[in-house]
Amino acid sequence: MGGIYWIASYPKSGNTWFRTFLENLQNGGDRPAHINELSGNSIASSRSWIDDVLGVETADLTFDEIERLRPAVYDWATTYDSVSYHKIHDANRLTSQGEPLISRRGTLGAVYILRNPLDVAPSLANHNGSTIDEAITALGNPDYALAGSEHRWHRQVRQVLGSWSGHVASWIDSPALTCHVLRYEDMHTAALESFAAAARFLKLPDAAERVAQAIRFSEFSVVAQQEAEVGFRERPSRAERFFRQGRAGGWQAQLTPQQVDRIIADHGPMMQRFGYLDASGAPV
Amino acid sequence: MSRYYSAYNLTVASDIAMPELTTVQPVSDLTSDVTVRIGALPEKPSDDLEQIGPFRWANQTAYWLEIPEVARILVQNGSDILVDPAADVDEASLRAFVLGPSFGAILHQRNLLVMHGNTIRLGDKCIICVGPSGAGKSTLSAGFQRRGYQVLADDVVPITAEGLALPGFPRIKLWQETADQLEIDTSPLQRIRPQLFKYNVPVTDAYVGPALPVRWVYILNSEHRDDVRIDELRGMARLQPILDNTYSGRLVLGPAAKAQQLRMASQLAAKIRLARITRPLSGFTVDTMVDKILADIAEHP
């Protein structure tokens, strides 16, 4: 029987990196998987996935109708032959009918990838083609949503993210969900240990050698090289490139002290909880 | 009381007003090929239908589709559409799901190869452009119409075993933003559903006549690039894109039906110029696409 493991994160937090790792881990091949050929497991908000399961085009449904039908789409995954892994950027929230968006029946668990919002802000600005200040406003906006315009077609259905802190809490504090938290920073500094623990959580091979190779095959230099050669399909048109820096702590050179203060004012408690602020409230 | 319409060269008798379709004057001996009735459906589909999704069931001759809070619809025998509306639903919403998925099922049950695309007339033949939702099919239809070409169908394209495309009905569905780009004033237009910023754009100079031979099929694609390009598909690469772009391919149940669809797709593939047209992901390129397609056709008449 099938079911879904969610690879959940706020955008620009390492989700694609982790999915590249997963692809390489599952392949166990002797060459890196290509970023444009990450196996077809769609993002939760993929119109083609939802349309295919519903048998109607979500383009003919309202945002609220789509949202109310999404849990049934994920439930349907229990009829599949095998377990699947799907990226998701939506906050883990309830539909207007009070049902969990990610259905309890279809969901086996979630890996939640968490990244210091001080680093998310400049990366999100690049992704959206916005200023850093606008990205900080988005991070603090409780109504922030992707694909939220009703006047045109989007490849994905609307995804309500909420604020960065709200997004994190929606996933990691959900009592009904088995959630494994993976910090982006640990993926850098304690790679083998953190990737292997995530693999174990997902019931995938976790032998050190195999995990180490999958980590090597999904390194920033490999995927950035692939993007430089042939481009990356998932790059938004507004961003010059998708794989930008791929490191932790870049904020120190990119944010003004006022911008750092704004982010801490918005997200201090959650940042402290995950070690992004020290006991005195200063960034680590 | 029934109203009579014509679509896909079939006479449709409907309880629901269908302003999108061409009206047929009722005469005394008029018989309909398809009926659309409003009525009550049982709570659940009968046991001989296989569940193929959370809200749909099918077998060779019947298709049961639920759109929660809108309607439950039973399509049978290539001729009957029974609609059981939810409380307080508007007629336009019912039409959206009758004209799309229900007609798609009717045509499939009538043993046609049903493609997800549009049909453009070129003399005594036609062009079909296929692709998934959002590929730009309707925009391209509107682009061709603006250049004086007749649009035979937009969205659901049925093709006979002989490779002839049946004309659908004279409307194109466009989002507000696309209409703005095409400089189409949406203020006098009907919305697809009152809740959506998506409009019924009437086809001017609608085609009335027999099914036309399909000569060119273009698969719509997009990627990060600056120009529009066309690549011919050859040999073994030809069949799968046709199968991938059938309308609701999951309705083809069982080995016999699958074999029949494969046979129809191969017969079509043998008769057509088949190419992939790739446009940039961003920017508005419909006129360039029309030019490229017409130039490709001139080279491959």
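Here the structure is a predicted model, which is why all the values come from computation and not from measurement.

Draft legend 1. The arrangement of the packing of aromatic side chains in detail. Residues and elements named next belong to chain A. Using the criterion set out here, one finds 17 aromatic pairs over all chains in the structure. For the ring pair W6 and W49, a centre distance of 6.5 Å and an interplane angle of 40° mean the geometry is tilted. Separated by 43 residues along the polypeptide, W6 in strand β1 (residues 3-9) and W49 in helix α2 (residues 47-54) bring together distant segments of the chain. An identical accessibility class is assigned to W6 and W49; each is buried. Both rings, one in F21 and one in F195, keep their centres 4.3 Å apart while their planes meet at 45°; by these two values the pair is tilted. Taken as a pair, F21 in helix α1 (residues 15-27) and F195 in helix α8 (residues 191-201) lie far apart in primary sequence, 174 residues in all. Grouped by ring-pair contacts, the aromatic residues W17, F18, F21, Y184 and F195 constitute a single cluster. Directly above the aromatic system of F242 lies the positively charged group of K12, at a separation of 3.8 Å from the ring centroid.

Draft legend 2. Molecular detail of empty space enclosed by the protein. Tallying each qualifying case throughout the model produces six cavities of 30 Å³ or more. Considering only enclosed or pocket space, the second largest cavity measures out at about 100 Å³ in volume. In terms of lining residues, the second largest cavity is bounded by 14 residues, among which L61, F63 and E150 of chain A together with W175 and L196 of chain B are the most central. Taken together, the residues of the lining of the second largest cavity break down into seven nonpolar, four polar and three charged.

Draft legend 3. Structural detail: the pattern of salt bridges. Applying the stated criterion across every chain, the model contains 29 salt bridges over all chains. One salt bridge connects R37 of chain B with D15 of chain B, and the closest N-O pair in it is separated by 3.0 Å. Within this pair, whereas R37 of chain B is found in strand β4 (residues 34-38), its partner D15 of chain B is found in the loop between β2 (10-14) and β3 (22-23), the two being separated by 22 residues in sequence. Residues joined by salt bridges that share partners form a network here, namely D60 of chain A together with D155, K173 and K198 of chain B.

Rules of the game
Residues numbered from 1 in each chain as written. Chains lettered and ligands numbered in written order. Predicted model: local features only at pLDDT ≥ 70, side-chain atom pairs only at ≥ 80, totals over all residues. Heavy atoms only, no water. Phe/Tyr/Trp six-rings, centres within 6.5 Å; stacked < 30°, edge-to-face > 60°. Helix = DSSP H or I, 4+ residues; strand = E, 2+ residues; numbered from the N terminus. Buried < 20%, exposed > 50% of the residue type's maximum accessible area, 1.4 Å probe, protein only. Lys NZ or Arg CZ within 6 Å of the ring centre and 35° of its normal. 1 Å grid on protein atoms, 1.4 Å probe; cavity = no way out; pocket = protein on both sides within 12 Å on 5 of 7 lines; lining within 4 Å. Points joined across faces, edges and corners; volume = space filled by probe spheres on them. Nonpolar A, V, L, I, M, F, W, Y, C, P; charged D, E, K, R; others polar. Salt bridge = Lys/Arg side-chain N within 4 Å of Asp/Glu carboxyl O.

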